[in-house]
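Survey of secondary and tertiary structure
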Amino acid sequence: MADRGLKSKTAPRKRVRLAPQERQSLILDRTADIIAREGVSALSMDRIGREAGVSKSLVYAYFPGMTDLLRQLLQREWRRLRRLQAEAADRAETMEGLVRAVTHVYLKYIDERGMLIERLQAEPSVSAIHDPTEFGRESAVGYLAEIVAEHYGLPQDIAKAATDISFGLPAAAGAYLLQRRLSREVLEDLTVTMILGTLNELKREHMARLQPIRRAPPLR
């Protein structure tokens with residue numbers, strides 16, 4: 001009886017017939033899992049095929065080479081993350097709600113997927129791509145910068161620079177999150193406080209510099 005139980009546990013899973021699009025998505029999913037756990041250097045077409053339950057030749061049928069596979073994965077992850085952030089931002093009613101929503105989505109993504117996007121972007125052949133979709137970083141920065149400019153009364157170029165720089169804070173918080181030194185909730189609060197504090201101070205400084213100089217009347 002024990003031997004039967006052991007055999008049933010180690011028996012290979014049956015391959016499920018999937019539509020081409022589903023099979024391609026599965027290959028990307030398994031590639032993402034490997035990268036999140038071990039990094040890009042652990043990849044090979046043979047290993048990806050094994051983990052996806054397909055042959056190496058079938059992986060090549062969907063992706064001509066590793067670079068093409070990784071580029072498609074990066075674009076998919078970009079779109080997924082930006083879409084989630086855009087949806088969260090659209091539901092926000094206050095500036096704090098907006099910053100918190102976008103930060104929350106990012107940290108949740110990092111908690112679930114690790115530094116997947118960052119590891120993909122560290123590969124020169126992969127990061128060289130430009131994502132022309134509405135979910136690219138440039139589009140996301142532009143969308144949020146318009147809100148920041150309107151809310152804080154800042155020039156568009158200043159608002160865009162501040163927004164672009166602020167994008168680095170959640171990424172830094174995500175790297176810290178993976179060290180498990182602080183909870184996701186604490187890091188979310190910390191990141192939101194830093195971003196809002198910077199924008200508030202920027203508004204105060206900007207307005208102070210534009211105010212007319214008040215001069216005392218000349219002594220007679």
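For clarity, every value in this text was computed on a predicted model and none was experimentally measured. (Residues numbered from 1 in each chain as written. Predicted model: local features only at pLDDT ≥ 70, side-chain atom pairs only at ≥ 80, totals over all residues. Heavy atoms only, no water.)

Time to look at the environment of Y109. For Y109, the location among the structural elements is in helix α6 (residues 95-113). In sequence terms Y109 and E77 are 32 residues apart; their C-alpha atoms lie 10.0 Å from each other. (Helix = DSSP H or I, 4+ residues; strand = E, 2+ residues; numbered from the N terminus.)

Before going further, it helps to spend a moment on the pattern of salt bridges. Counted according to the given criterion, the structure contains 19 salt bridges. A network of salt bridges, in which partner residues are shared, links D29, R30, D33, R76, E77, R80 and R113. (Salt bridge = Lys/Arg side-chain N within 4 Å of Asp/Glu carboxyl O.)

Once that is clear, we can look at the nonpolar core. Judged by nonpolar contacts, the single largest core of 35 residues is most densely connected at I35, I48, V59, L69 and L70. Element by element, the count of residues in this core is highest for helix α5 (residues 66-91), at 7 residues. Ignoring anything within four residues of it in the chain, the contact list for I35 reads V40, L43, L70, L73, L116, R119 and L120. Core analysis: the next-biggest nonpolar cluster, separate from the first, contains 19 residues, A89, V102, V148 and L196 among them. (Core = buried A, V, L, I, M, F, W, Y, C linked by side-chain atoms within 4.5 Å. Buried < 20%, exposed > 50% of the residue type's maximum accessible area, 1.4 Å probe, protein only. Contact = heavy atoms within 4.5 Å.)

Attention now moves to the packing of α6 against helix α11 (residues 168-177). Put simply, α6 and α11 touch, their axes get as near as 9 Å, and they point 35 degrees apart. For the pair α6 and α11, the crossing hand works out as right-handed. Facing T103, Y106, L107, I110 and D111 of α6, the residues of α11 in contact are P170, A171, A173, G174 and L177. Taken together, the residues of the contact of α6 with α11 sort by class into 7 nonpolar, 2 polar and 1 charged. (Axes fitted to C-alpha atoms, helices over the stretch in contact; angles between N-to-C directions. Left-handed = near helix turned anticlockwise from the far one by under 90°. Nonpolar A, V, L, I, M, F, W, Y, C, P; charged D, E, K, R; others polar.)

What follows deals with unusual backbone geometry. The phi torsion of most residues other than glycine is negative, and most of the peptide bonds are trans. Positive phi, normally seen in glycine, also occurs at R180, with a value near 60 degrees. Along the polypeptide, R180 turns up in the loop between α11 and α12 (184-210).

Okay, the environment of L70 next. Tracing the backbone through its elements, the reader meets L70 in helix α5. If we skip the residues at most four places from it in the chain, L70 touches T31, I35, V40, L43, L120 and V126.

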